[in-house]
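Descriptive analysis of the structure
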Amino acid sequence: MIKKLVSLAIVAAGLSGAAVAQETIKIGVMPVDSGPISVYSVMVTNPAELAIDALNAKGGALGRKYELVTQAHNGTPAGALAAASKLVQQSGVSYLVGVSTSSIASALAPRLSGLNALFLDTGSGLDDLVGKGCQPNFFRISSNDSMMINTLRAAVKQSGAKTWNLLMADYALGHEFAKTFEALVQENGGTVQTTLFAPLTTTDFGSFISQLSAKPADGLGVFYPGSGGVAFAKQQHQFGLFPKFKSVLTWYFTNDLFLPAMGDTVTGAYSAMSYSWDQPGAANAAFVKAFEAKYKRKPVYGDADNYAVYEILNAAILKAKSADMAAVRAALPGLKVNTVLGDVEMRAADHQLVRSMTLAQVVKTGDKVAMVTRAVEPGAKVTPPPNPECKL
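Keep in mind the model is a prediction, meaning the values are calculated, not measured.

**Brief notes about the pattern of salt bridges**
All told, the structure shown has 7 salt bridges when counted by the stated rule. One salt bridge connects Asp264 with Lys364, and the closest N-O pair in it is separated by 3.0 Å. With Asp264 in the loop between helix H10 (259-262) and strand S10 (270-273) and Lys364 in strand S14 (residues 357-365), this residue pair connects regions lying 100 residues apart in the sequence. Across the pair Asp305 and Arg355 runs a salt bridge, and its minimum N-O distance is 2.7 Å. A residue pair is termed long-range when its members are at least 10 positions apart, and Asp305 in helix H12 (residues 301-320) and Arg355 in the loop between strand S13 (353-354) and S14 qualify at 50 residues.

Encoded structure:
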């Protein structure tokens, strides 16, 4: 009888160990299901599925498979906080990824330590999030405002434009872009004469277009993300706005995802982006091939950022030899890894990913309109030094 009980105990222990070994590594995905930035959710969900399938096909990490747990929200800071809390507290998630504006990231970052979770941000750009507002559990994969501006530096100089008008989205990042772009213009001996801020919920841009046309300038700068950007592109085309400027520079406005809807309304415009599907690298080539085969479209910057986040997290887990959140948090700073974005480094000083940036232009050839890469700038060149106000 004793031998039988011992044998049963050994079997039970073995089954328990097998169950632990098979426990998944959960990653919380937070897409937006309503509002003007909901169009970006496909850039979160598609690459998440592709990346997790690829990682699990290789056995996952440390003998454990990855599992995606999805919790949508309404695109507001409060909605994102509620989604993050539910994922952590009810689903046992330690790692969060999702659609994020700078407002969302600013609200979520200070709450991460209390949630005992990491947020690997692929959407915000506000400099302060890796400056005085940096947090130990916040890691940014996406580029920041200054990286975008540095990518545009050569284009501003080469444009020869001395006067500029600006249309900016009316939220924190839009106001920061306006300030940093104006500083760039002044650096080149120019001036910004008109700056307009349009709410993200704008559907009729008529008054903004009239004001931009009323006082002509050499160059036009546009920062307006989401579905509203498509509306602005079409409406300005009706009024012939872009052709009135010698140079049109944009960021978070024109990309391959929105271009089919914009058509030839933005031909000639330049766009600063964190990624272009035709940039060099074997990892990127394989990614583009797999992505296009599965989703029947070329990947855009958001797709690549949200694919790279899983490559980076997986590398950190392998480096830590543990999926424990604290161990992974300690492994991420200073991590260097080859990704679809190329060789990247998660900078230890401020948790900003140092990665390359792309300058592309909308070109029309015959009946086809496409984004054509004009320059790929290395991360070491476009990433500003860490802000000493960041205290991690």
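**Points about the sheet that holds strand S4 (residues 118-121)**
Spatial ordering of the open sheet is given by S2-S1-S3-S4-S5, a layout of 5 strands whose pairing is parallel. At either end of the open sheet lies a strand with only one pairing partner, and these are strand S2 (66-70) and strand S5 (138-140). Averaged over neighbouring strand pairs, the angle between their axes works out to 25 degrees when direction is ignored.

**A few points about the packing of aromatic side chains**
What the rule picks out here adds up to 19 aromatic pairs. Ring geometry for Tyr275 versus Phe287: centroids 6.5 Å apart, planes at 65 degrees, classification edge-to-face. Placement of Tyr275 in the loop between S10 and helix H11 (282-295) and of Phe287 in helix H11 is noted, with a sequence separation of 12 residues between them. An identical accessibility class is assigned to Tyr275 and Phe287; each is buried. In this structure an aromatic cluster arises from ring pairing among Trp164, Tyr171, Phe177, Phe181, Phe223, Trp251, Tyr252 and Tyr301. Positioned above the aromatic ring of Trp277 is the side chain of Lys298, whose terminal nitrogen or guanidinium carbon lies 4.6 Å from the ring centre.

**Observations regarding the confidence of the model for the protein chain**
Detail in the predicted coordinates should be disregarded across regions flagged by low pLDDT. The share of residues in the protein chain with pLDDT of 70 or more is 94%, and the mean pLDDT across the chain is 92. Ignoring residues within four places in sequence, the model shows residues 2-21, a span with pLDDT below 50, making 2 contacts including any to other chains.

**Focus: the environment of Ala109**
Take Ala109: it is sitting in the loop between helix H4 (102-108) and helix H5 (112-115). Overall, Ala109 belongs to the buried group, its relative accessible area being 2%. Between the C-alpha atoms of Ala109 and Leu96, which are 13 residues apart in sequence, the distance is 11 Å. Setting aside chain neighbours within four positions, we find Ala109 in contact with Leu129, Gln135 and Phe138.

**Side note on the state of the cysteines**
Under the counting rule described, the total for this entry stands at 1 disulfide. Across the disulfide, Cys134 is cross-linked to Cys390 (sulfur-sulfur distance 2.2 Å). Classification of the bridge connecting Cys134 and Cys390 rests on its S-S torsion, roughly 105 degrees, and on that basis the disulfide is right-handed. Taken as a pair, Cys134 in the loop between S4 and S5 and Cys390 in the segment after helix H14 (379-382) lie far apart in primary sequence, 256 residues in all. The exposure class assigned to Cys390 is buried, which follows from its relative accessible area of 9%.

**Structural notes on the sheet that holds strand S6 (residues 163-169)**
What links the strands of a sheet is backbone hydrogen bonding, and the strands pair in either a parallel or an antiparallel sense. Spatially, S7-S6-S8-S9-S10-S14-S15 is the arrangement adopted by the 7 strands of the open sheet, whose pairing is mixed. Here the strands that pair on one side only, and so sit at the sheet edges, are strand S7 (191-198) and strand S15 (368-377). With strand direction ignored, the average angle separating the axes of adjacent strands in the sheet is 20 degrees. Examined bridge by bridge, S6 and strand S8 (residues 219-223) share 5 bridges and lie parallel to one another. Considered in S8, the bridge of Leu167 is made with Val222.

**Regarding the nonpolar core**
Counting 109 residues, the largest nonpolar core has Phe181, Phe232, Trp251 and Tyr310 as its most contacted members. In terms of residues, this core owes the most to one element, H12, which gives 11 residues. With near-sequence residues (within four places) excluded, Tyr310 lies in contact with Ile27, Val29, Ala48, Ala51, Ile52, Leu55, Leu68 and Val97. Val93, Ala109, Phe119 and Leu126 belong to the second largest nonpolar core, which has 19 residues in total.

**Description of the packing of helix H2 (residues 42-57) against H11**
It is the contact of H2 with H11, at a shortest axis distance of 11 Å, that shows an interaxial angle of 115 degrees. As H2 packs across H11, the resulting crossing turns out to be right-handed. Together, Asn46, Pro47, Glu49, Leu50 and Asp53 of H2 and Phe287, Ala290, Phe291, Lys294 and Tyr295 of H11 make up the contact between the two elements. Per-class residue counts for the contact of H2 with H11 are 6 nonpolar, 1 polar and 3 charged.

Calculation rules
- Residues numbered from 1 in each chain as written.
- Predicted model: local features only at pLDDT ≥ 70, side-chain atom pairs only at ≥ 80, totals over all residues.
- Heavy atoms only, no water.
- Salt bridge = Lys/Arg side-chain N within 4 Å of Asp/Glu carboxyl O.
- Helix = DSSP H or I, 4+ residues; strand = E, 2+ residues; numbered from the N terminus.
- Pairing = 2+ DSSP bridges.
- Axes fitted to C-alpha atoms, helices over the stretch in contact; angles between N-to-C directions.
- Phe/Tyr/Trp six-rings, centres within 6.5 Å; stacked < 30°, edge-to-face > 60°.
- Buried < 20%, exposed > 50% of the residue type's maximum accessible area, 1.4 Å probe, protein only.
- Lys NZ or Arg CZ within 6 Å of the ring centre and 35° of its normal.
- pLDDT = per-residue confidence, 0-100.
- Contact = heavy atoms within 4.5 Å.
- Disulfide = S-S within 2.5 Å.
- Core = buried A, V, L, I, M, F, W, Y, C linked by side-chain atoms within 4.5 Å.
- Left-handed = near helix turned anticlockwise from the far one by under 90°.
- Nonpolar A, V, L, I, M, F, W, Y, C, P; charged D, E, K, R; others polar.

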